Amino acid sequence: SDPIEAGPAVHLYTKEFYDLVRQKLNPGGVLVTQSGPAGLMNHTECFGAIHKTLAASFRTVVPYSVSIPSFGSDWGFNVATDRGDITSKSLREKPPDATDAAISGRIRGPLRHYDGGTHLCMF
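Residues numbered from 1 in each chain as written. Predicted model: local features only at pLDDT ≥ 70, side-chain atom pairs only at ≥ 80, totals over all residues. Heavy atoms only, no water.

1. Some details on the pairing of strand β2 (residues 60-68)
(1) Moving on: Both β2 and strand β3 (residues 73-81) contribute to a ladder of nine bridges, which runs antiparallel. When the sheet's bridge partners are listed, Val-66 is paired in β3 with Trp-75.
(2) Moving on: Count of turn residues in the β2/β3 antiparallel hairpin: four residues, of which Gly-72 carries a positive phi of about 75°. (Pairing = 2+ DSSP bridges. Helix = DSSP H or I, 4+ residues; strand = E, 2+ residues; numbered from the N terminus.)

Structure representation (structure tokens):
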């Protein structure tokens, strides 16, 4: 769903919705939501507003972006949680080997678009 004010999914980007999600998450749960364009010239369209709205509901909100060539811009996401061990610094400074080990411990087979090096560039 797109975070467009006049779109059908606009209610998925409100404080009321995020408060409900927070109540429904298991202890230690994490919400990740797309947050719109995050490029230098278009990050103000909705990325910042979504980040601030999430921050009104969750203890920790960490933004990140990925390059999506077909979109013509970096695309933004936000990680929201009440966990104290997830911070912008912890995600940004996680060694690539640690991410690779976590992936191999949980997923069988190789991933094509995500690994420790990719993680490092996202945050």
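2. Quick notes on the packing of aromatic side chains
(1) Moving on: What the rule picks out here adds up to four aromatic pairs.
(2) Moving on: Ring centres of Tyr-64 and Phe-77 lie 5.3 Å apart, and the angle between their planes is 15°; this geometry places the pair in the stacked category. Separated by 13 residues along the polypeptide, Tyr-64 in strand β2 and Phe-77 in strand β3 bring together distant segments of the chain.
(3) Moving on: Look at Tyr-64 and you get buried, because its relative accessible area is 14%.
(4) Moving on: Accessibility expressed as a relative area gives 18% for Phe-77, which makes it buried.
(5) Moving on: Note on Phe-71 and Trp-75: the rings are 4.7 Å apart at their centroids and 75° apart in plane angle, and the pair reads as edge-to-face.
(6) Moving on: Taking the relative accessible area as the measure of exposure, Phe-71 reaches 46% and is therefore partly exposed. (Phe/Tyr/Trp six-rings, centres within 6.5 Å; stacked < 30°, edge-to-face > 60°. Buried < 20%, exposed > 50% of the residue type's maximum accessible area, 1.4 Å probe, protein only.)

Any functional reading would require information beyond the geometric quantities listed.
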